[in-house]
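# Tertiary structure, described
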Amino acid sequence: MSRIGVFVCHCGENISATVNCQKVAETASGYEGVVHSVDYKYMCSDPGQTLIKQAIKDKNLTGVVVAACSPRMHEPTFRKACNEGGLNPFMCEMANLREHCSWVHDKGDLTTEKAIDVVRTQVEKVKRNQPLTDIKVPVTKTALVIGGGIAGIQTSLDIANCGHKVILIEKDPSIGGHMSQLSETFPTLDCSQCILTPRMVEVAQHPNITLYTYAELESLDGFIGNFTAKIRKKAKSIDEKLCTGCGLCTTKCPTKKIPSEFNEGLGFRPAVYVPFPQAVPNIPVIDRINCTYYIKGKCKVCEKVCPTKAIVFDQEDEIIEVAVGAIVVATGFGIKQPDFFPEYGYGKYPDVITGMQFERLASASGPTFGEIKRPSDGQVPKKIVFIACAGSRDEAKGIPYCSKICCMYTAKHAMLYQHKVHGGESTVFYMDIRAAGKNYEEFVRRAIEEDTVKYVRGRVSRVYEKNGKLIVKGVDTLLGAMPVEIEADMVVLATAGVANPGAEELAQKLHISYDGYKFFAESHPKLKPIETNTGGIMVAGACQSIRDIPESVSMASGAAVKVACLFSQNELTREPLIAVVNRCAAPLYSTCVGCFLCQSACPYQAIEREEIKDRSGKLIKSIAKVNPGLCQGCGTCVAFCRSRSIDIQGYTHDQVYNEVMALLNEY
Amino acid sequence: MVLGIYPGCSLKGSSREYTESVLAVAKAFDIEIKEILDWNCCGATAAHNLSKELALALPARILALAENQGLDEIVVPCAACYSRLSGTQHELNQHPELKSKVVEAIGMEYKGTVGILNIVQMIDKYITPNIESKIVKPFDHKLACYYGCLLVRPKEVLKFDREEDPQSMDTLMSKLGAKPIDWAFKTECCGAGLTMSRTKTVARLSGEIVKDAADRGAEAIIVACPMCHSNLDMRRKEINEYNDQKINIPVLYTTQAIGLAIGLDRESLGLQRHFVKVEI
Amino acid sequence: MSEFEPKVVAFVCNWCTYAGADLTGTSRIKYATNVRIVRFPCTGRIDYMLLMKSFAEGVDGIIVSGCHPNDCHYTSGNFQARRRWIVFRNLCDFMGIDIRRIQFSWVSAAEGAKWADVVNTTVTTIRELGPYTDYKKVANYFEKEVSHG
């Protein structure tokens, strides 16, 4: 006979403001099998939990229903409390009265009625719960880090320094990411490459880090502690073991006029190239799309000049399979190409450039060696206009969010311009200045006050070219919406930061969620900003939302700690909510008839064939058997099974059926 | 094929040449144009300043008439009328309660299913596919295509062309053998309905448009709206005074440009009615 | 007589729609009280005979909702659910159940507003369709005539 305890939480006023909690508790006390039913202000608090533990002991409870917030929030808390009270943790269920009831409905009888219904379903469910024990699984103490920007670099170094193995993969020929392209960094104006490149070298030399550049994740199987990742190492057409990085091939390559990705199209690179001089590893790749040999079948100049015979034209992509226990996704962000902003003339006028292009112009390693020269004619612009929010916070352009970093880098750009071009005039059009961060506001003030950057609060409606000048038409909203027209020599657009083009595809390979903008979704916006909903996979840096360098680095270190925690255990416990095939006495052994439809439905190959033999070894019956290490508990097999022989713990037929019937019969 | 037409007030009055050229070109391409009978004012800029229901009821009546007269698709050459009619259809489809209110007001059945085309869409759909073989005199001129404010806006309703840097007329003119110029005033305001009450403002706004087109070497300005045409053409005297410069580049309707390219008679296109002499 | 309050049961997956409905709550978006959510690990787990049984027991409308195609936490459970749904539609038709009573949708963990929308639309539809009584008659008939007779 069940002895169920019901505990209704007010959640301060979050639930009790719209739901009559006392009535819920009273009604529940009348249900068959319920021997204890109370309501309390904060069930998750220490006294609240004590209430549960005490009741388990005093009333000898066999099951507990906590009617409170979402189980996704506090199920672990209450299961732990039950365990401490001496009840199997899986004998506890939660009725979601907050997210699914009090927060979405107005105060009234219907809302309380719904709350009562939800509690009843869980009472009926918990009566049919079975005590379960956690499953222990081993942990592979190697981490996979996807993305070699500053976040990926930081997290790799931190994990490696904890003594664990790291595999770092980067899709480009070199690690470094966007940070390697930057000139100077706000708010200190220290040189980006000077602080980054030592870290890049450290990654390459770290005994615990295996670095695969020009490589992408092909597929991922498995689960927390036990993933199998397939990595596609794209063919570099170079034998990495033989190449010494002498660079002879890159200087002799006859195809020299390919727009350089690293320089954002403002400079050129040959077909065999290293993206930038400080690249790690310092090994070139052949860009097969632009290489004369791959297009026309002849050339091979690089092969002739290579002193170590490292050029391998027929090299193929290589698939490497690795076993890892945790994954950190640090794939960074993309920059929205401003061609969706035709009124600003990007693409039409060469002197309308993006913020990233300005970084390259301002960078000492850039195409102009740090001199601000405009792309069209190489002249130093005397007047320059920066348009902050080119796309961001603009619902009409599909990007309602704030890209966060633009206010700061625009101030930096204007400042760098003023430092480099004496007597130059710079104007920033802005909506608001968002400079929240340590020393950020002071930095912007410095740009305005010391470096005399003119800030105009208003939007720009159009940029067009007239008599060799770029006419910027805007409005000054602080001067009563007065129209402003500036004849500029160059215009810089602070274009919106967006998710990487491949983000969606990667999320699907990893089975992690992503938001409407294709940024990866964290498990909880406040309390689990680094974990994803998939155990063992963390996110770091701008792939989760646009972040600046200090934030990316701290998030990366946070992710490293999460990985290190995981690797500090030799065994992981997993929830035993997995499928089982029923067994019974001979001569039936199981109702399973061995059709193995479940096997074809299982996405994890978790279903094996079990042969039941008699003493003489003669086969009596073949039935399905679930490998508990592989089963993830999706339950697809359950819906497939025609003889109802396979069931899923925690969501059994019996539980779910009675849950639904409890709703309908007393509705 | 049969296509309905909603002329609106301008096409019957100040912009007779627009009507003439639309009909002449349609005829050349075997399109039968049927005017909606008993049509009324679209409400223009006045109605929606007074009452939302009125601003919806007026265009709804026109659309209901078209439906009842068996027209599946209509062309609305005036950009302002086009914007009103499309906007109304969109709004009523979105809000059934408004629809029933409006139906009651107009006392007619209204389904909201008539296809509404502006002049560029009409040309794209029915004329462009057969145009190549008909061109007898390629329209080899540098042109400034001027879209004005209403032809491509609001984007959510019209779903036609890029709102800030539209391309459809430029593409069309290229097909006639013309060279559309890249200029800055494609969608700037011409002053619109202020032409009578605040002529100076119109002279300034339209003046900037005409000047930029002239500065960039345009031989003509191409428009798709009678309001734009009046301001750029009829107000040329004021424009030239504002600019302190005599600019005599003509303003042509898209249909007039097509007519010239396919060798239609200049009078049948109404070119003689313009204030600025058309000499191309 | 008081207004008809439809009984709607939502069968949702834990990873997308349940979390999406949680987000509706965190975002304080209001929706009709008529819906009761039953949590499953995955839409692939949902046995459609339970839907049929729900109709027999007097539900007026049903929502089945999971992750968007390709976004399933378990790779392919939502595809299985969709395949089953196609067959189940035909079965409903055969059984004389108006398929407008079943709303099949994808609501991701980020689509709090969409969840409210799905619930409200379904409740409105069911309100228009009225209470579901036909199958109950059949069920009663079977109970009396078949099991006792």
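Presented here is a report on the structure given in the accompanying data block. Fair warning: this is a prediction, and the values are worked out from it, not measured in the lab.

### Topic: the interface of chain A and chain B
Between chain A and chain B, the contact holds 11 residues from the first and 12 residues from the second. Each partner contributes to the roughly 1,100 Å² buried at the junction of chain A and chain B, and carbon and sulfur atoms together form 37% of this total. At the junction of chain A and chain B, the tally comes to 6 salt bridges. With a closest N to O distance of 3.1 Å, A:Arg462 and B:Glu188 form a salt bridge. Ranked by residue count, the leading element in the side of chain A that touches chain B is strand 24 (residues 460-466) of chain A, at 4 residues. Class assignment for the residues of the side of chain A that touches chain B results in 4 nonpolar, no polar and 7 charged.

### A word on the side chain of A:Arg360
Residue and element names in this part refer to chain A. For Arg360, the location among the structural elements is in helix 11 (residues 355-362). Buried and unpaired, Arg360 has no salt bridge, with Glu359 as the nearest side chain of opposite charge at 7.1 Å. Of the polar contacts made by the side chain of Arg360, one reaches the backbone oxygen of Phe262; its length is 3.4 Å. Engagement of the side chain of Arg360 in a polar contact is seen with the side chain of Ser365, the distance being 3.2 Å. Excluding residues within four positions of it along the chain, Arg360 makes contact with Ser180, Gln181, Phe262, Asn263, Glu264, Ser365, Gly366 and Pro367.

### Overview of the interface of chain A and chain C
Listed per partner, the contact involves 50 residues of chain A and 53 residues of chain C. Where chain A abuts chain C, roughly 4,300 Å² becomes buried across the two surfaces, and 57% of that area is made up of carbon and sulfur atoms. Counting every contact that joins chain A to chain C gives 5 salt bridges. Close ionic contact of A:Asp106 with C:Lys30 constitutes a salt bridge, the shortest N to O distance being 3.9 Å. Counting residues per element, the ones that place at least two in the side of chain A that touches chain C are helix 3 (71-84), helix 4 (98-102), helix 5 (109-127), helix 17 (636-640), strand 34 (646-648) and helix 18 (653-665) of chain A. The element contributing the most residues to the side of chain A that touches chain C is helix 18 of chain A, with 9 residues.

### Thoughts on the arrangement of the chains
Among 2 pairs of chains with at least one contact, chains A and C form the most extensive contact set. Looking at chain B next to chain C, you find no contact at all, with the nearest C-alpha pair sitting 15 Å apart.

### What about the pattern of salt bridges?
A side chain of one charge can pair with a side chain of the opposite charge when the charged atoms of the two come close. A full pass over the atoms with the stated rule returns 59 salt bridges over all chains. Where A:Lys233 meets A:Glu240, a salt bridge forms, and the shortest distance between an N and an O atom there is 2.7 Å. Residue A:Glu240 is classed as partly exposed on the basis of its relative accessible area, which comes to 30%. For A:Asp432, the salt bridge identified is with A:Arg457, shortest N-O distance 3.5 Å. Of this pair, A:Asp432 sits in the loop between strand 22 (425-430) and helix 13 (440-449) while A:Arg457 sits in strand 23 (residues 454-457), placing them 25 residues apart in sequence. Take A:Arg457: its relative accessible area is 29%, and that puts it in the partly exposed class. Where salt bridges share partners, they join A:Glu75, A:Arg79, A:Glu93, A:Lys125, A:Glu575 and C:Arg39 into one cluster.

### Considering the side chain of B:Asp212
Note that B:Asp212 resides in helix 10 (residues 199-215). The residues contacting B:Asp212, other than those within four sequence positions of it, are A:Lys466, B:Trp183, B:Ala184 and B:Phe185.

Rules used throughout
Residues numbered from 1 in each chain as written. Chains lettered and ligands numbered in written order. Predicted model: local features only at pLDDT ≥ 70, side-chain atom pairs only at ≥ 80, totals over all residues. Heavy atoms only, no water. Contact = heavy atoms within 4.5 Å. Buried area = accessible area lost by both parts, 1.4 Å probe. Salt bridge = Lys/Arg side-chain N within 4 Å of Asp/Glu carboxyl O. Helix = DSSP H or I, 4+ residues; strand = E, 2+ residues; numbered from the N terminus. Nonpolar A, V, L, I, M, F, W, Y, C, P; charged D, E, K, R; others polar. Buried < 20%, exposed > 50% of the residue type's maximum accessible area, 1.4 Å probe, protein only. Lys, Arg positive; Asp, Glu negative; His and termini not counted. Polar contact = N/O pair within 3.5 Å; in protein donor to acceptor, adjacent residues only side chain to side chain.

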